[in-house]
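An overview of the molecular structure
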Amino acid sequence: MQGSLVGVQGNIQRRQFWSAVFAIAGLLVLLVAIIVLLALILQLAIQGVPRLSWAFLTSFPSSNAEQAGILSALVGTGLVMLVTAFAAIPVGIASGIYLEEYARKNWIASLIEINVTNLAGVPSIVYGLLAMGLFKYAFQLGESVLTAGLTLALLILPVVIVTTREALRSVPSGLREAAYALGASKWQMVWDHILPYASGSILTGIIIGLSRAIGETAPLITIGALTFISFLPPSPFKSDFPFLSFDWLRSPFTVMPIQMFNWVSRPEPEFQLNAAAAGVILVALTLLMNGLAIYLRYRFRKGVKW
Amino acid sequence: MAVKSVLSRVALASAIVTATTGVFASGAGSQQAIVKIDGSSTVFPVTEKVAEDFQKSPAAKGAKVTLGISGTGGGFRKFCNGETDISNASRPILEKEMKACAEKGIKYVEIPIAYDALTVVIHPQNNWAETMTVAQLKTIWEPAAQGKITRWNQVNPSWPNAPLALFGAGADSGTFDYFTEAIVGKAKQSRSDFTGSEDDNVLVQGVSRNRNALGFFGLAYYEANKGRLKAVKIVNPKTGQAVAPSNKTVIDGSYLPLSRPIFIYVKADSMKRPEVKAFAEFYIKNGAKAADAVKYVPLPASDYAKAMERFQKGQLGTAFGGKEEIGIKIADTWNRKLVD
Amino acid sequence: MFYRDVWVVCLTMVDQPLVISAKSSFYQKKRHRDLRQRLIETLLFLAALSSVLTTIAIMVLLVTESLPLFQKVSIVEFLTGREWAPLFDPPRYGILPLVCGTFVTSMVALCVAIPMGTIAAIYLSEFAAPKLREVAKPILEVLAGIPTVVYGYFALLFVTPVLQILYNPLGEKLSEWLPDLFPYELDGFNMLGPGIVMGIMITPTISSISEDAMRAVPVELREGSYATGATRFQTAWKVVFPAAISGIIASYILGISRAVGETMIVAVAAGLQPTLTLNPLRPAATITTYIVQVSLGDTPHGTIGYQTIFAAGLTLVLLTLFFNVIGYFLSRRFRETY
């Protein structure tokens, strides 16, 4: 008996040791990730921050590097992301809910599941080529903010669907059964009981999806995003009835990554500074967008306890 | 639960916005006068400068210009589909594209606007290959050289026994087509084991960091990086003289065969619109200034005058018959018959 | 009023064998609720249809545009040829070099992303204090949002030089020993740099989604494990990780898909020359970089050269489909439900 007590203590110490080792490994990994992020941002910032100024943010592109600015690109990115979010989020979540809660679990459902994850791997430029034929020509939406938003929405739809499904899957079925026991209908069960618990994880998927969309270049060039445009889409607010206009959806545009890519390819070294400054702004935009979603997720999660 | 109410409000808002978007999205586009241009990324810098100056000038009367960079091929596709008013092109329109335009009834005026000098570059410390002949370049770049010609002294025994590091434009670019046609004799015939890139700045990086490197790209990229590169003097096959690329040598035609003209194509129907007409005329008038500003080689003044004449007379079609041509002086092409 | 009552009677008569009182509001409510349910279900179904329609549209596009190419080039040559040079003269149409390029860059990326992402996820979910978790997770997610163009130039201008500094002293000796495997010095363009950077970009995808999956495991399982005297690591690895395996594998699949479909990072930093090699120290082109290069280049549209991009895209989609099917069956085997 005593021998086995020593043995047990040794066993415990050994296991605690490995646990501590893993904790250090985990911390190291996080550190590496943070260091890389800092290196990236620092490298951009050192070149780009000196170039940042109000003029840079409010000027249009120009062949003179000192006068060039990102106004049209900034507005374009904002508008396109708005359309992408409004298109991808409802459709993605609705798809996920249907596929997880409503669809019968037969071979068709398996097919659709494989199909969705496959779509996540299609290169973004193929979405661009598809959107060109579909949105630009077939639906006659032209080379506009609407086309761009829909293209990017298609691109990130698989991510949103997969994360929604996983989020719904992770809710214990006890909750579902309890809801049914109270006489809830399927939709009531999903809307009132499941979704609130799953919303945090769903938001994660949305964050990751939108982050990807904001940095995309190739598919947007294919559907006709411009590289030089020195005017803004028409404002959504009008002075006479109905006070809201959607003309901006049909307007030509450009986006930040395209502007950056164009500047980075120019021979003059001053343009490299512009590109770095644009990169800093783009990262800041992503941070802002992520920040909003992360805050929402935090608020949702606070109210949830298993 | 707070979550539920936030979610339901967001859902309601999304639904309303989506519905109204659907209703209103079928509305008309911008009312502004816009000149739509797309095409080659090589010609882009010149057109951008012209567009910028045009928009500031009184000739524009508030018209705006938009520019895309879908590439020469993509630009022609849109052009022959009627979507753009002007197409930037780093090569003449090819047969297949001419057919596509003819099918849709698109007619155009071809306007050469500048020269791009393809510059062969080496590392500044490379003091052995400062002058090269076309034959030597061919030995290095032809398809038969793949895997075999890997050291400098294989091309010329007096050169050092050092590995050859090759950099050049990607196989899809007009630069590549032109270089291979001029040096190897047929477009797209080349060894494939070199480092290619879309971004000429990356090639600049590659050559400037490697003593044994050899690369080619547009003059503008050499001019902007003169401190870290050396331009090779090419022996003119006709005169036997070694010529360095510069504005002067391109214009007087002595830098052969690596100078190529770049063009804009203006849609005939669009020319009826005042803003397009004003822009094209502004372009021809200010082309020299713009080309100079972005380090391309301007045409001689006489060529611009001829271009203006061609434009104002509305002479449609191309002088190149749907094919690329090497070592051409634009001045020699004005009397050719234009083909549609 | 009268007509409504009659209508309700008719409905109930059709539905129920018993004759219920016509003014029964309970059955009215049930009717309305059922109708709403049907409507909602239909709407959700239409949304789900979108992904199916997208796939069909993509396949139709890729197949119809590559057919003319396959009339000129045999499929055997396409799949087994060892040189990809369709825009050269004479054109060579073997897709293996592009497939190898995609394979190697993705493998490098996954060798970085899967370990890093999984360790980070386990650490954040099981070990880290809640405050640290709330801070670290968003920071990781920012990594996913950096534009790929920025990553590409980071790989080219920062990571590759660092790798060169690390490799070149070793490279001289290694290249004497095994000259085919180890180049004399690391090329400015290679697959290792962009592969590593891609891995870092994908890490948040894997870590965030895995961590969500692990957090969702009911706390009773953990408590049971601790009650038997397991350490944190043992609980995490032997209890929570397997319980969350469905979500974790889903995150791996999304990560793999992202790696395979990534374009700009590799386009900028790996060189664009298709090379048939499994050696990450050499430059190469992937299927995606080839597609981008040609579709935005000067090749006239509608030519054979242009159509090769659709053939390449089709190959990629079919390859990923194959791996996704395997992944799906694997994940189904290991899934646990509560």
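All residue numbers refer to position in the chain's written sequence, counted from 1. To label them, take the chains in the order written and letter them from A, then take the ligands in the order written and number them from 1. Local features in a predicted model are, by the rule used here, given only for residues with pLDDT of at least 70; side-chain atom pairs are given and counted only at 80 or more, and totals for whole chains, interfaces and linings are based on all residues. Computation of side-chain values covers all heavy atoms of the structure but excludes hydrogens and water.

Observations concerning the packing of helix α5 (residues 124-138) of chain A against helix α6 (residues 145-169) of chain A
All names here are of chain A. Axis angles are defined between N-to-C directions and span 0 to 180 degrees, where every axis is a line fitted to C-alpha atoms and, for a helix, only to the segment in contact. Per the convention used, a helix needs a DSSP run of H or I reaching at least four residues, while a strand needs a run of E reaching at least two, with both numbered from the N terminus. Two elements in contact, α5 and α6, have axes separated by 10 Å at closest approach and are oriented at 135 degrees. Judged by the angle between their axes, α5 and α6 are oblique. The hand of the α5/α6 crossing is right-handed. Between α5 and α6, the contacting residues are Ser124, Tyr127, Gly128, Leu130, Ala131, Phe135 and Lys136 on the first element and Thr147, Leu150, Thr151, Leu154, Leu155 and Pro158 on the second. Considered class by class, the residues forming the contact of α5 with α6 number eight nonpolar, four polar and one charged. An angle below 35 degrees is read as roughly parallel, one above 145 as roughly antiparallel, one from 65 to 115 as roughly perpendicular, and any other as oblique. By convention the crossing between two helices is left-handed if the near helix lies anticlockwise of the far one by an angle smaller than a right angle, and right-handed if it lies clockwise. Contacts are assigned to residue pairs that have any heavy atoms within 4.5 Å of one another. For this classification, Asp, Glu, Lys and Arg are treated as charged, while Ala, Val, Leu, Ile, Met, Phe, Trp, Tyr, Cys and Pro are nonpolar and the rest, including Gly, are polar.

Some thoughts on the domain arrangement of chain B
Residues and elements named next belong to chain B. Those domain boundaries reflect an automatic or database domain assignment. Taken domain by domain, chain B consists of domain 1 (3-115 + 261-332) and domain 2 (119-251). One C-alpha centre belongs to domain 1, the other to domain 2, and the line joining them spans 31 Å. Defined in terms of a 1.4 Å probe, buried area is the accessible area two parts forfeit on being brought together, summed over both. At the boundary of domain 1 with domain 2, total buried surface from both sides reaches about 1100 Å², with 64% on carbon and sulfur atoms. Broken down residue by residue, the surface that domain 1 buries against domain 2 is led by Lys295, Val297 and Ile326, which jointly contribute 44%. Salt bridges are defined as contacts in which a side-chain nitrogen from Lys or Arg sits within 4 Å of a carboxyl oxygen from Asp or Glu. At the boundary of domain 1 and domain 2, one finds zero salt bridges. In the analysis that follows, any N or O atom pair within 3.5 Å is treated as a polar contact, provided that within protein one partner can donate a hydrogen and the other can accept it, and provided that, for residues neighboring in sequence, both atoms belong to side chains. Our count for the domain 1 to domain 2 interface comes out at one residue pair in polar contact (both at pLDDT 80 or more). Tallied by class, residues from the side of domain 1 that touches domain 2 come to seven nonpolar, two polar and five charged.

Quick look at the interface of chain C and chain A
The interface is formed by 88 residues belonging to chain C together with 87 residues belonging to chain A. Between chain C and chain A, a total of about 7700 Å² is buried, with carbon and sulfur atoms accounting for 73% of that surface. The three residues of chain C that bury the most area against chain A are C:Leu44, C:Tyr123 and C:Tyr328, which together make up 7% of that side's buried surface. Where chain C meets chain A, there are one salt bridge. One salt bridge in this structure joins C:Glu141 and A:Arg297, with 3.1 Å as the shortest N-O distance. Of the residues forming the side of chain C that touches chain A, the biggest block, 17 residues, is contributed by helix α2 (residues 25-72) of chain C. A per-class count over the side of chain C that touches chain A returns 56 nonpolar, 21 polar and eleven charged.

Examining the sheet that holds strand β11 (residues 242-243) of chain B
Residue and element names in this part refer to chain B. Criterion used throughout: strands pair if DSSP finds at least two bridges between them. Spatially, three strands are ordered β5-β10-β11 in an open sheet, and the strand pairing comes out mixed. In this open sheet, the two edge strands, each paired with only one partner strand, are β5 (131-132) and β11. Strand direction decides the pairing type here: strand β10 (residues 233-235) and β11, joined by two bridges, are antiparallel. Across the sheet, residue Ile234 finds its bridge partner in β11, namely Val243.

Brief notes about unusual backbone geometry
Residues and elements named next belong to chain B. Even without being a glycine, Lys61 presents a positive backbone phi close to 50 degrees. Structurally, Lys61 is set in the loop between α2 (44-56) and β2 (64-67). Phi at Lys295 takes a positive value of approximately 70 degrees, unusual for a residue other than glycine.

Some remarks on the packing of aromatic side chains
Residues and elements named next belong to chain A. Stacked, tilted and edge-to-face are the three classes applied to pairs of Phe, Tyr and Trp rings, where Trp contributes its six-membered ring and a pair requires centres within 6.5 Å; stacked means planes under 30 degrees apart, edge-to-face means over 60, and tilted covers the rest. What the rule picks out here adds up to 33 aromatic pairs over all chains. Look at Trp187 and Trp191: their rings are 5.6 Å apart centre to centre, the planes differ by 20 degrees, and that puts the pair in the stacked class. Linking Trp187 with Trp191, this pair stays in helix α8 (residues 186-214), spanning four residues, or about one helical turn. On the basis of relative accessible area, Trp187 is assigned to the buried category, the value being 15%. Classification of Trp191 as partly exposed rests on a relative accessible area of 21%. Over the aromatic face of Tyr102 sits the side chain of Lys186, whose NZ or CZ is 5.2 Å from the ring centroid. Whether a charge sits over a ring depends on NZ of Lys or CZ of Arg being within 6 Å of the ring centre and within 35 degrees of the ring normal. The ring of Phe271 has Arg266 sitting right over it, with the charged end atom 4.6 Å from the ring centre. Only protein chains enter the accessibility calculation, which uses a 1.4 Å probe; a residue is then buried when its area is under 20% of its type maximum, exposed when over 50%, and partly exposed in between.

What to know about the environment of C:Gln273
Secondary-structure assignment places C:Gln273 in the loop between α11 (264-269) and α12 (287-295). Classification of C:Gln273 as buried rests on a relative accessible area of 5%. The sequence separation of C:Gln273 and C:Pro97 amounts to 176 residues, and the corresponding C-alpha distance is 9.3 Å. Sequence-distant contacts of C:Gln273, that is, excluding residues within four places in its chain, are made with B:Ser192, B:Phe194, B:Thr195, B:Gly196, C:Pro283, C:Ala284 and C:Ala285.

A short note on the nonpolar core
Take the buried Ala, Val, Leu, Ile, Met, Phe, Trp, Tyr and Cys residues and link them wherever side-chain atoms come within 4.5 Å; each set so joined is a nonpolar core. In terms of nonpolar packing, the biggest core is built from 300 residues, with B:Trp141, B:Leu214 and B:Phe279 touching the most fellow members. It is α6(A) that contributes the most residues to this core, 15 residues altogether. If we ignore the near neighbours within four places in the chain, the residues touching B:Phe279 are B:Val35, B:Ile37, B:Thr47, B:Val50, B:Ala51, B:Phe54, B:Val65 and B:Ile86.

Topic: the domain arrangement of chain C
Residue and element names in this part refer to chain C. Each assigned domain of chain C is listed here: domain 1 (2-72) and domain 2 (78-333). Using C-alpha coordinates to define each centre, domain 1 is positioned 41 Å away from domain 2. Listed as interface residues are ten residues of domain 1 and, on the opposing side, eleven residues of domain 2. Between domain 1 and domain 2, a total of about 960 Å² is buried, with carbon and sulfur atoms accounting for 87% of that surface. In terms of surface lost to domain 2, no three residues of domain 1 exceed Leu62, Glu65 and Leu69, which account for 52% of the buried area on that side. For the pair domain 1 and domain 2, the interface holds zero salt bridges. The interface formed by domain 1 and domain 2 holds zero residue pairs in polar contact (both at pLDDT 80 or more) in total. The residue makeup of the side of domain 1 that touches domain 2, split by class, is seven nonpolar, one polar and two charged.

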